[in-house]
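Commentary on secondary and tertiary structure
One-letter residues, chain by chain:
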Amino acid sequence: MKTITPQAALGYLVLAVFVFLSLLPLWMALKIALTHPSDVYTSAASLTPETFTLGNFLRVMGLPSDIELTASRASPIDFMLALRNSVIYTALTVSGQIFFSALAAYAFARMSFPGRDLLFFAFLAATMIPSMVLFIPNFILVKQLGLLNTFTGLVAPTILMTPFAVFFLRQFFLSSPKELDEAARLEGASQFQIFWRIALPIQKGPIATLGILLAIQSWNEFFWPFLVGRDASVRVMAVALSDFMSQTGRGNPDWSGLMAAIVLSIIPVITLLVVFGRQIVESLQTSGMK
Amino acid sequence: MSFLTIDNVIKQFGNLQVVKGVSIEAEKGEFIVFVGPSGCGKSTLLRMIAGLEETSEGTISIDGEDLTHADPADRHVAMVFQSYALFPHMSVYDNIAFGMQINKVPKAEIKARVLEAARILQIEALLERKPRQLSGGQRQRVAIGRAIVRKPKIFLFDEPLSNLDAELRTQMRVEIAKLHQEIGATMIYVTHDQVEAMTLADRIVVLRGGLVEQVGSPAELYDRPANLFVAGFIGSPRMTFLPGRIEAAGDAEIRVSSSAFARPQTIPGPFAHLPDVNSTVTLGLRPESFRIDATDPVLTATVEITEHLGGSTIVHARTSDGNSLVMATSGRAELCPGDALPLACIGAPHVFDAQGLSLAATRR
């Protein structure tokens with residue numbers, strides 16, 4: 001039988017503490033979401049809900065619930081609309097970024113043109129510009145273009161490409177054998193056909209990983225959608241949750257409703273991580289990004 | 001005009017000249033092998049024919065058409081890569097059909113041509129598989145299949161067998177030779193393995209340092225190497241080289257002595273050029289040029305290692321003046337390390353002058 005050394009035991013203990021500390025907020029959110037609003041404060045010290053109910057989830061989704069609240073708090077947010085908006089925002093951002101970033105990454109990896117490396121390093125340098133610095137000029141631009149409160153305005157700064165996505169995919173295109181491109185070239189394939197029919201399908205694993213990373217990032221994106229997408233018709237989940245916080249009564253927020261909405265909103269992200277976690281880690285290791 | 005004409009081509013990478021003015025001609029249906037050590041420019045030359053490398057100077061013509069700067073797809077050549085370069089996400093069928101699909105060949109014709117290639121290469125049962133589900137030899141066949149269906153004017157092979165194990169390499173070598181017989185296409189084949197070159201080629205082009213050392217049939221290169229490099233490169237086991245000195249030189253014959261020889265040897269002419277008397281030369285003897293002769297030995301060597309190959313034996317020995325010598329003998333020679341080996345020569349040695357050029361042949 002394999003014996004565990006004291007050092008290994010200490011390592012596991014430290015890891016266990018970190019896992020516990022990481023999962024605790026998630027568990028508390030779930031616990032509060034499963035607690036009746038009237039019992040939130042009385043059971044605050046407990047790790048398990050005193051009275052178990054799914055009512056918070058039902059009312060957040062606009063479904064009939066056994067929890068009776070005042071009219072102002074009965075429907076904290078239009079959850080389904082925010083969900084739809086988040087899905088649209090995420091889908092547009094992810095698909096756009098992957099397509100255009102892959103084109104740029106392939107060009108940087110495979111094509112030779114004057115100033116290619118300089119351009120790539122300029123691209124990389126852009127990752128060092130804090131996003132906060134770009135918000136104001138981007139906001140002014142989107143406003144002047146009349147794109148406030150539209151999906152076009154929401155996705156405008158990120159749909160084309162991001163330095164991260166370009167760098168990530170370039171690493172994989174570089175690692176794929178050049179002979180494949182050359183073989184296709186000899187067969188008469190154009191540069192775009194080589195990209196579309198050979199280079200891109202070969203990298204479907206890394207592309208899926210990038211898609212997941214971008215999806216998680218887009219799903220959680222708050223500040224930009226908060227700036228340009230305040231209207232309910234385009235308001236994404238993260239903004240809707242924040243609005244919900246500010247709308248509920250001062251000193252007496254609807255914690256159980258909020259937590260139910262938060263738990264529901266993170267289900268897609270958790271699912272992606274659980275299903276594709278290993279692939280994400282492997283791809284990141286291969287790309288040399290971590 | 002030849003089917004393939006490579007005229008004084010040069011390939012320059014920055015300041016580095018990799019191919020330094022190579023001219024080669026190949027006839028239709030010929031099997032030409034480029035052979036040479038690593039870095040001699042053989043693969044670069046092949047890629048220049050394919051159009052995958054720009055030609056810095058000179059011209060490349062195929063079937064009378066100057067294609068020096070033509071796009072690879074317009075050259076009517078097909079290439080089999082060392083790594084096979086099969087598209088990993090496509091089935092064997094799609095790999096073979098890819099070029100025709102790109103060029104919008106009717107589906108029925110694609111199918112017919114893929115099936116025909118699969119029949120020739122005996123891979124009909126593999127058409128639905130992905131490359132990762134194939135063995136090395138099967139992948140090689142698929143790569144060849146992809147080349148066959150295009151019906152190219154010239155097949156280009158870039159060290160296609162180097163990733164295979166020894167047994168499979170021998171088997172595939174025979175299959176490539178059969179394929180050449182069956183379809184009769186012009187083939188240019190790059191290898192660093194001189195056994196492949198000797199067994200496959202109609203003509204071999206020996207390259208070194210971006211230059212052609214000698215062009216000729218395998219027998220010509222073996223029997224009449226133009227210089228020391230070709231003499232040493234072609235033939236396995238290697239030729240034995242011994243230092244020599246010219247005792248007498250005439251048009252009909254020359255006499256050479258060697259510190260390894262018991263007495264001077266006579267080399268019959270004709271000669272391309274005559275060396276000066278007393279000039280130093282290098283004598284070359286093939287492994288099968290030696291025979292054990294205790295009655296009248298020309299030289300005596302001491303056995304170091306014997307390699308029994310079943311039907312023959314390779315003997316590694318050292319001459320009395322300290323040079324290494326390799327002898328091949330049929331059957332099983334019962335020799336032990338340290339044994340004195342009295343040897344006679346079968347035929348005259350090759351003689352190379354101080355510049356390394358053969359006195360008998362100067363074809364370059």
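Residues numbered from 1 in each chain as written. Chains lettered and ligands numbered in written order. Predicted model: local features only at pLDDT ≥ 70, side-chain atom pairs only at ≥ 80, totals over all residues.

**Some remarks on the overall build of chain A**
Counting secondary structure elements, chain A contains 14 helices and zero strands. When the elements of chain A are put in sequence order from the N terminus, they spell out α-α-α-α-α-α-α-α-α-α-α-α-α-α. In chain A, which comprises 290 residues, the proportion classed as buried is 31%. In chain A, of all internal contacts separated by at least 6 residues, the share reaching a separation of at least 24 is 70%. (Helix = DSSP H or I, 4+ residues; strand = E, 2+ residues; numbered from the N terminus. Buried ≥ 20, exposed ≤ 12 C-beta atoms within 10 Å, placed from the backbone. Contact = placed C-beta atoms within 7 Å.)

**Section: unusual backbone geometry**
Residues and elements named next belong to chain B. Following Ser236, the chain continues into Pro237 via a peptide bond in cis, with omega recorded as 0°. As for its position among the elements, Pro237 is in the loop between helix H8 (228-233) and strand E11 (240-249). For the peptide bond that leads from Gly269 to Pro270, omega is 5°, which places it in the cis range. Structurally, the position occupied by Pro270 is in the loop between strand E13 (265-268) and strand E14 (280-285). Positioned with a positive phi, His76 is a non-glycine residue whose angle comes to about 60°.

**Overview of the domain arrangement of chain B**
All names here are of chain B. Here chain B is described as being made up of domain 1 (4-232) and domain 2 (238-352). Spacing between the C-alpha centres of domain 1 and domain 2 amounts to 38 Å. Residue-level contacts link five residues of domain 1 with six residues of domain 2. (Domains from an automatic or database assignment.)

**Some thoughts on the sheet that holds strand E2 (residues 16-26) of chain B**
Residue and element names in this part refer to chain B. Overall, antiparallel pairing links the four strands, which are arranged E2-E1-E4-E5 in an open sheet. Since the sheet does not close on itself, it has two edges, and those belong to E2 and strand E5 (65-66), each with one partner. Along the sheet, helix H1 (residues 42-50) makes contact with strand E1 (4-13), E2 and strand E4 (57-62), crossing E2 at roughly 65°. (Pairing = 2+ DSSP bridges. Axes fitted to C-alpha atoms, helices over the stretch in contact; angles between N-to-C directions.)

**As for the packing of helix H8 (residues 163-175) of chain A against helix H11 (residues 204-220) of chain A**
Residue and element names in this part refer to chain A. Contact geometry for H8 and H11: axes closest at 10 Å, N-to-C directions at 165°. Classified by the interaxial angle, the pair formed by H8 and H11 is roughly antiparallel. Every pair of crossing elements has a handedness; the one defined by H8 and H11 is right-handed. Contact with H8, carried on its side by Ala165, Phe168, Leu169 and Phe172, involves Pro206, Leu210 and Leu214 of H11 and no other residues of that element. (Parallel < 35°, antiparallel > 145°, perpendicular 65-115°, else oblique. Left-handed = near helix turned anticlockwise from the far one by under 90°.)

**Points about the sheet that holds strand E18 (residues 324-330) of chain B**
Each strand in a sheet pairs with another by means of backbone hydrogen bonds, the pair being arranged parallel or else antiparallel. Residue and element names in this part refer to chain B. Pairing is antiparallel across the open sheet formed by five strands, whose spatial order is E15-E19-E16-E17-E18. Of all strands in the sheet, those bounded by a partner on one side alone are strand E15 (290-292) and E18. Taken over all neighbouring pairs, the strand axes of this sheet differ in orientation by 50° on average, direction set aside. By the bridge criterion, four bridges tie strand E16 (residues 299-308) to strand E19 (residues 340-345) in an arrangement that is antiparallel. Residue pairing for E19: Leu299 is matched across the bridge by Leu343.

**A look at the interface of chain B and chain A**
A common measure of how large an interface is: the accessible area buried when the components associate. Contact with chain B, which involves 16 residues of that partner, is made by 14 residues of chain A. For the side of chain B that touches chain A, the secondary structure elements donating two or more residues are strand E6 (77-80) and helix H2 (92-102) of chain B. Here the side of chain B that touches chain A takes three residues from H2 of chain B, the largest share from any one element. Among the residues making up the side of chain B that touches chain A, the classes are represented as 12 nonpolar, four polar and no charged. (Nonpolar A, V, L, I, M, F, W, Y, C, P; charged D, E, K, R; others polar.)

**Details of the domain arrangement of chain A**
All names here are of chain A. Partitioning chain A into domains gives domain 1 (6-76 + 240-273) and domain 2 (79-237 + 279-287). Distance from the C-alpha centre of domain 1 to the C-alpha centre of domain 2: 33 Å. Taken residue by residue, the interface counts 12 residues in domain 1 and 11 residues in domain 2. Of all the elements in the fold, those that place two or more residues in the side of domain 1 that touches domain 2 are helix H13 (237-247) and helix H14 (255-287). Element by element, the count of residues in the side of domain 1 that touches domain 2 is highest for H14, at six residues. Here the side of domain 1 that touches domain 2 is built from residues that sort into nine nonpolar, three polar and no charged.

**A closer look at the nonpolar core**
Taken as a class, soluble globular proteins show a tendency for nonpolar side chains to be buried jointly. Counting 132 residues, the largest nonpolar core has Val33, Leu156 and Ile188 of chain B as the members making the most contacts within it. Discounting residues that sit within four places of it in the chain, Ile188 of chain B has contacts with Ala26, Ile32, Phe34, Leu46, Ile49, Ile154 and Leu156 of chain B. The next biggest cluster of nonpolar side chains, apart from the first, holds 26 residues, and it includes Val40, Val60, Val236 and Phe244 of chain A. (Core = buried A, V, L, I, M, F, W, Y, C linked by C-beta atoms within 7 Å.)

**Topic: H8 of chain A**
The end-to-end C-alpha distance of H8 of chain A is 19 Å, a good match for the 18 Å that 13 residues give at a rise of 1.5 Å each. The set of residues buried in H8 of chain A consists of Ala165, Val166, Phe167, Phe168, Leu169, Arg170, Phe172 and Phe173 of chain A. (Expected span 1.5 Å × (residues − 1).)

**Brief notes about the environment of Ala102 of chain A**
Residue and element names in this part refer to chain A. For Ala102, the position within the fold is in helix H4 (residues 79-110). Considering only alpha carbons, one finds Ala102 and Ala165, 63 residues apart in sequence, at a separation of 7.9 Å. Excluding anything up to four places from it in sequence, Ala102 contacts Leu169, Leu200 and Ile207.

**With respect to the pairing of E1 of chain B**
All names here are of chain B. Of the strand pairs in this sheet, E1 and E2 are connected by eight bridges, and their pairing is antiparallel. When the bridges of E2 are listed, Phe13 appears paired with Leu16. Joining the antiparallel neighbours E1 and E2 is a turn of two residues, in which Gly14 adopts a positive phi near 60°. Sheet topology places E1 next to E4; five bridges connect them, and they run antiparallel. Paired with Asp7 across the strands is Thr59, a residue of E4.

**Regarding the packing of H2 of chain B against helix H4 (residues 136-148) of chain B**
Axis angle and axis distance: for two packed helices, these are the angle between their axes and the distance between the axes, and together they describe the pair. Residues and elements named next belong to chain B. The N-to-C vectors of H2 and H4 enclose an angle of 30°; their axes lie 8 Å apart at closest approach. Classified by the angle their axes make, H2 and H4 are roughly parallel. Crossing geometry of H2 relative to H4 is assigned as right-handed. Here H2 contributes Val92, Asn95 and Ile96 to the contact with H4, which in turn contributes Val142, Gly145 and Arg146.

**Section: the confidence of the model for chain B**
Model confidence for chain B is summarised by a mean pLDDT of 91, while 99% of its residues fall at 70 or above. Among the prediction metrics, the complex's ipTM stands at 0.84, with pTM recorded as 0.81. (pLDDT = per-residue confidence, 0-100.)

**Side note on helix H10 (residues 191-202) of chain A**
Residues and elements named next belong to chain A. Taking 1.5 Å per residue, 12 residues should reach 16 Å; H10 reaches 16 Å between its end C-alpha atoms and fits that length. Among the residues of H10, those classed as buried are Ile194, Phe195, Arg197, Ile198 and Ala199. Looking at the buried side of H10, the elements it contacts are H4, H8 and helix H9 (178-186).

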